[in-house]
Amino acid sequence: MLFLQNPWLLWIINRTFVSYYIYIVQCLEMIKYEIKAPTLLKQIVQLPASKSISNRALIIHALSKGQIMPENLSDCDDTDVMVKALRDMPDVINIKAAGTAMRFMTAYLSVMDGQSHTLTGTERMKRRPIELLVNALRYLGADITYLGEPGYPPLLIKGRKLDGGLLEIPGNVSSQYISALLMIGPTLKNGLTLRLRGDIISRPYIDLTLSVMHQFGSEAEWTDIDTIQVNPVPYKEHAYYIENDWSAASYWYEMMALSQNRDDCVMMEGLADCSRQGDSSVRYIFSLLGVKTTFGTTEPRKPTTVTLKHRGKGVPRLEYDFVNSPDLAQTFVVCCAMMDVPFHFRGLSTLKIKETDRIAAMITEMRKLGFVLSQGDGSELIWSGERCEPDLSAGIDTYEDHRMALAFAPAALRLGHLIINNPQVVSKSYPKYWDDLRSAGFLIEDISDK
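What you are looking at is a predicted structure, and each value in this text was computed from that prediction instead of being measured.

So what's going on with the pairing of strand E2 (residues 42-46)? Residues and values would help.
For a regular strand, side chains alternate in direction, first toward one face of the sheet and then toward the other. Of the two faces of E2, the one lined by Gln-43 and Val-45 is fully buried and the one lined by Lys-42, Ile-44 and Gln-46 carries no buried residue. Direction of pairing for E2 relative to strand E11 (residues 265-271): parallel, over a ladder of five bridges. Looking across to E11, one finds that Ile-44 is bridged to Met-267.

Let's hear about the environment of Cys-265: which residues, and what values?
On the secondary structure map, Cys-265 appears in strand E11. In sequence terms Cys-265 and Tyr-205 are 60 residues apart; their C-alpha atoms lie 30 Å from each other. Excluding residues within four positions of it along the chain, Cys-265 makes contact with Leu-41, Lys-42, Gln-43, Met-256, Thr-307, Leu-308 and Lys-309.

Any chance you could break down the pattern of salt bridges for me, citing the residues and the numbers?
All chains considered together, the criterion is met by 18 salt bridges. Here the residues in one salt-bridge network are Asp-327, Arg-358, Asp-401 and Arg-403, joined through shared partners.

Got a sec to walk through the side chain of Thr-106? Specific residues and values, please.
You can see Thr-106 is positioned in helix H4 (residues 99-110). The exposure class of Thr-106 is buried, given its relative accessible area of 0%. Setting aside anything within four residues of it in sequence, one finds Thr-106 in contact with Ala-101, Leu-119, Ile-130, Leu-133, Leu-137, Ile-144, Leu-155 and Ile-157.

How would you summarise a positive patch on the surface if you had to cite specific residues and measurements?
On the surface, Lys-42, Lys-292, Lys-309 and Arg-311 cluster together to form a positively charged patch. Relative to the elements of secondary structure, Lys-292 occurs in strand E12 (residues 291-295). On the basis of relative accessible area, Lys-292 is assigned to the partly exposed category, the value being 44%.

Just give me the short version of the nonpolar core, but keep the residues and values in it.
Core analysis: the biggest nonpolar cluster contains 72 residues, and Met-268 and Trp-434 have the highest contact counts within it. Broken down by element, the residue count for this core peaks at ten residues, all from helix H8 (residues 246-258). If you look at the next biggest cluster of nonpolar residues, it comprises 66 residues, including Leu-63, Met-82, Ala-98 and Phe-104.

The rules behind the values
- Residues numbered from 1 in each chain as written.
- Predicted model: local features only at pLDDT ≥ 70, side-chain atom pairs only at ≥ 80, totals over all residues.
- Heavy atoms only, no water.
- Buried < 20%, exposed > 50% of the residue type's maximum accessible area, 1.4 Å probe, protein only.
- Helix = DSSP H or I, 4+ residues; strand = E, 2+ residues; numbered from the N terminus.
- Pairing = 2+ DSSP bridges.
- Contact = heavy atoms within 4.5 Å.
- Salt bridge = Lys/Arg side-chain N within 4 Å of Asp/Glu carboxyl O.
- Patch = residues over 30% accessible without salt bridge, like charges linked within 9 Å, V, L, I, M, F, W, Y side chains within 5 Å.
- Areas by Shrake-Rupley, 256 points an atom, 1.4 Å probe, with all protein chains shown as cover.
- Lys, Arg positive; Asp, Glu negative; His and termini not counted.
- Charge placed at Lys NZ, Arg CZ, Asp CG, Glu CD.
- Core = buried A, V, L, I, M, F, W, Y, C linked by side-chain atoms within 4.5 Å.

Structure follows, in structure tokens:
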């Protein structure tokens with residue numbers, strides 16, 4: 001029984017058993033929705049508030065030690081765990097499946113002088129890498145210990161005052177690492193000079209972080225194409241209103257593109273033109289697929305009503321680099337295939353470390369719809385028009401990933417009906433999604449026991 005003397009082997013055996021147990025429990029408790037599409041799509045939608053802005057505003061508000069909470073906070077799971085963690089600050093903080101919360105809270109807890117907390121999450125979260133951020137924070141002087149496998153949560157974080165200074169990290173990592181470091185910059189004794197090596201991905205999300213920081217009085221600017229300087233100027237309390245979510249809007253754009261009635265119309269409230277949200281680019285990309293966007297006001301960055309209508313035939317093939325908005329990729333993969341528009345999508349390297357390996361998941365689930373995708377060099381998704389025999393009987397698996405359910409459901413508009421397994425995952429970013437679809441005329445039946 002030599003394996004009993006090897007702690008790493010014991011850890012692997014235990015991890016495998018836990019993962020298998022969770023899989024069995026999920027199978028036994030699986031919820032299934034059958035989605036049937038309406039013949040006419042006319043709807044006014046109150047979109048959820050932006051999760052990305054909410055989570056940034058919450059961290060910066062906490063660092064400002066202000067009393068005025070940001071308004072119009074997202075009601076999604078990811079923001080809810082942030083609110084509870086920052087409000088209660090328990091010894092053990094469980095952020096569940098919230099990747100943004102894991103990254104942001106790791107940096108935040110590192111500068112909470114005199115406090116000690118364990119930061120953990122779901123089994124999937126414990127398999128999502130965080131080593132680069134931990135190494136960067138340790139370089140700045142943070143006291144962080146791995147409680148499980150090195151490079152992954154859970155973490156024991158003992159807060160202390162950090163000096164700051166010059167820090168270099170790769171630019172092609174998750175923008176959430178970069179944003180986490182930037183947001184604590186004003187609290188560091190010497191501020192932070194952050195130099196990003198190589199290609200910089202998801203730059204709009206970095207700019208979004210800087211924009212929110214500016215609203216709370218920070219001095220943080222790009223000083224070169226690859227360098228951001230954050231001065232040690234403390235945050236100031238500030239009343240802050242959060243605009244609604246362009247990522248959530250993308251699924252209604254998809255519905256409009258897939259709808260068959262030229263008179264269909266969707267109106268979405270609370271979106272802003274010239275938004276700092278990276279996914280606001282969705283309106284430009286969907287114009288290539290025949291969807292027209294009209295804003296209720298021309299005043300930039302003021303929340304208004306956005307109207308979607310058909311504008312005519314779209315492009316016969318779509319090539320796009322999603323390096324700045326990778327969360328939109330699943331939406332366009334499903335939409336283009338259902339419209340019979342071959343595509344070649346690049347800039348998807350970060351999809352492998354999201355809630356699931358989204359590239360592998362999309363290849364598997366699109367085959368169920370009858371489409372054969374390839375992944376190119378591992379950071380691409382390609383559909384050349386190749387098809388296979390579809391099999392819709394088992395339903396679309398969601399892999400504990402909200403965007404799988406959100407992106408696939410609109411396909412019912414072309415298929416007539418579709419089964420989504422474990423549809424409750426949408427609560428991570430868009431809790432009222434199924435209610436909004438019902439209001440738009442979709443028939444959604446729980447067929448879990450059938």
